[in-house]
Protein chains: 2
Amino acid sequence: MSASEESPHSGAGERITDAEHAVMEVLWDRPRQTAAEVCEDVCAARGWSLATVKTLLSRLVQKGALAAEPDGRRFLYTPLIAREAYVGGESRRLVDRLFGGSAASLVAHLAESEALTEDDLAEIEALLKELRA
Amino acid sequence: MSASEESPHSGAGERITDAEHAVMEVLWDRPRQTAAEVCEDVCAARGWSLATVKTLLSRLVQKGALAAEPDGRRFLYTPLIAREAYVGGESRRLVDRLFGGSAASLVAHLAESEALTEDDLAEIEALLKELRA
DNA sequence: GCTTGATGATTACACCTGTAGTCATGGCGA
DNA sequence: TCGCCATGACTACAGGTGTAATCATCAAGC
């Protein structure tokens, strides 16, 4: 595999954890939000307090995953890494770990374990057609 | 998706960590091995000591992921959860977290990010044909 | 000016994880 | 028989993670 894995995903080196990921999703959906705004989106769903969100935001800024743009007394947070990059990285990690790096094996597994609905199959087929075209 | 996600993976409730997973792989490959034997397979690759492997084995037994069958003074360890179940669970977790539960989205992402080689595509196509047949 | 509320920074803390050392015990060779 | 080695159990400990309280500070209102 020769996975050097030293490439910066658009500036972020450190690993984004699960809780942090929830915060990222909110900001990917709509960038430039304050801590309070982010909290409005996730605190209820995850049972968090505003303090928790602030901690996560800080850690994400530290990790270089978020930019904190000063706006008066507070900050507007914006993702520095693209969702694409993150999703891609995580997917690759899974494929490497569990399927020996073969994405096709993943698909095969999903198919065989019936994780794919008829609609999924159709969608994938269409996608493949497009790709091979 | 209505993911109740309470389904037992053949008896294992707790989450298997990364280091533990490496041990599981060895035992999935060949069950009923002693700690020393497992170590022969992973210690070199991961730079572990035998002690580390023993700890991981213990934790896995605790978690219900391994059975420890007494064999004289030592134990022979054997997976209690099928690799299929583990891989399936992990895959589903990823799909749920990053692709809103849509496996097709995952495939689409892999395809678009060029994580799929021409061979992969061919393989998947063949697979689909088989499934739809 | 002084209080108050909003807000980021700092600190806290328990649990998990990776990694390993030490201990107790029992079989086996000398 | 006696000490040694193999082996699992127990203990350890640093760093990461989830979750949050507290602190310092500043803007705005009284």
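Note that the coordinates shown come from a computational prediction; the quantities given were computed from them, not determined experimentally.

Conventions and cut-offs
Residues numbered from 1 in each chain as written. Chains lettered and ligands numbered in written order. Predicted model: local features only at pLDDT ≥ 70, side-chain atom pairs only at ≥ 80, totals over all residues. Heavy atoms only, no water. Least-squares fit on C-alpha atoms with pLDDT ≥ 70 in both. Contact = heavy atoms within 4.5 Å. Helix = DSSP H or I, 4+ residues; strand = E, 2+ residues; numbered from the N terminus. Buried < 20%, exposed > 50% of the residue type's maximum accessible area, 1.4 Å probe, protein only. Disulfide = S-S within 2.5 Å. Buried area = accessible area lost by both parts, 1.4 Å probe. Salt bridge = Lys/Arg side-chain N within 4 Å of Asp/Glu carboxyl O. Polar contact = N/O pair within 3.5 Å; in protein donor to acceptor, adjacent residues only side chain to side chain. Nonpolar A, V, L, I, M, F, W, Y, C, P; charged D, E, K, R; others polar. Expected span 1.5 Å × (residues − 1). Arc of directions from axis to C-beta.

S.K.: Account for the relation of the copies chain B and chain A, with residues named and values stated.
M.R.: Mapping chain B onto chain A leaves a residual RMSD of 0.1 Å; the transformation is a rotation of 179° accompanied by 0.0 Å of translation along its axis. What we have between these two chains is a two-fold relation. In this assembly the copies share their binding face: 100% of the residues contributing to the interface of chain B also contribute to that of chain A.

S.K.: So, the side chain of E90 of chain B: which residues are in play, and what are the values?
M.R.: Topologically, E90 of chain B is positioned in helix α4 (residues 83–99). Since its relative accessible area comes to 8%, E90 of chain B is described here as buried. Among all residues touching E90 of chain B, those that are not within four sequence positions of it are L94, R97 and L98 of chain A together with R15 of chain B.

S.K.: Let's hear about the state of the cysteines: which residues, and what values?
M.R.: All names here are of chain A. Under the counting rule described, the total for this entry stands at two disulfides over all chains. What pairs with C39 in a disulfide is C43, and their sulfur atoms sit 2.0 Å apart. When the S-S torsion is -115°, as for the bridge of C39 with C43, the disulfide is left-handed. On the criterion of helical spacing, the pair formed by C39 and C43 is a turn pair, its members being four residues apart in helix α2 (residues 35–46).

S.K.: Any chance you could break down the interface of chain B and chain A for me, citing the residues and the numbers?
M.R.: If you look at the interface, chain B gives 36 residues, while chain A gives 37 residues. Between chain B and chain A the total buried area reaches about 3,400 Å² when both faces are included, carbon and sulfur atoms providing 65% of it. Close ionic contact of R97 of chain B with E90 of chain A constitutes a salt bridge, the shortest N to O distance being 3.8 Å. Summed over the shared surface of chain B and chain A, the result is 11 residue pairs in polar contact (both at pLDDT 80 or more). At the level of elements, α1 (18–29), α4, α5 (103–112) and α6 (118–132) of chain B are the ones that each hand at least two residues to the side of chain B that touches chain A. When residues of the side of chain B that touches chain A are assigned to their parent elements, the largest contribution, 12 residues, is made by α4 of chain B. For the side of chain B that touches chain A, the per-class residue count stands at 20 nonpolar, five polar and 11 charged.

S.K.: Residue-level account of the side chain of E20 of chain A, with values.
M.R.: All names here are of chain A. Relative to the elements of secondary structure, E20 occurs in helix α1 (residues 18–29). Classification of E20 by relative accessible area gives buried; the value is 2%. Sequence-distant contacts of E20, defined by excluding residues within four places in its chain, comprise R15, L56, R59, L60 and K63.

S.K.: Before we move on, can you summarise helix α3 (residues 50–62) of chain A with the specific residues and values?
M.R.: All names here are of chain A. Given a rise of 1.5 Å per residue, 13 residues ought to cover 18 Å, and the 18 Å separating the end C-alpha atoms of α3 matches this to within 8%. Listed as buried for α3 are V53, L56, L57 and L60. All buried residues of α3 fall inside an arc of 100° around its axis, so they share one side. Buried residues along α3 sit against α1, α2, β1 (66–71) and β2 (74–79). G64 sits one or two residues past α3 and shows a positive phi near 80°.

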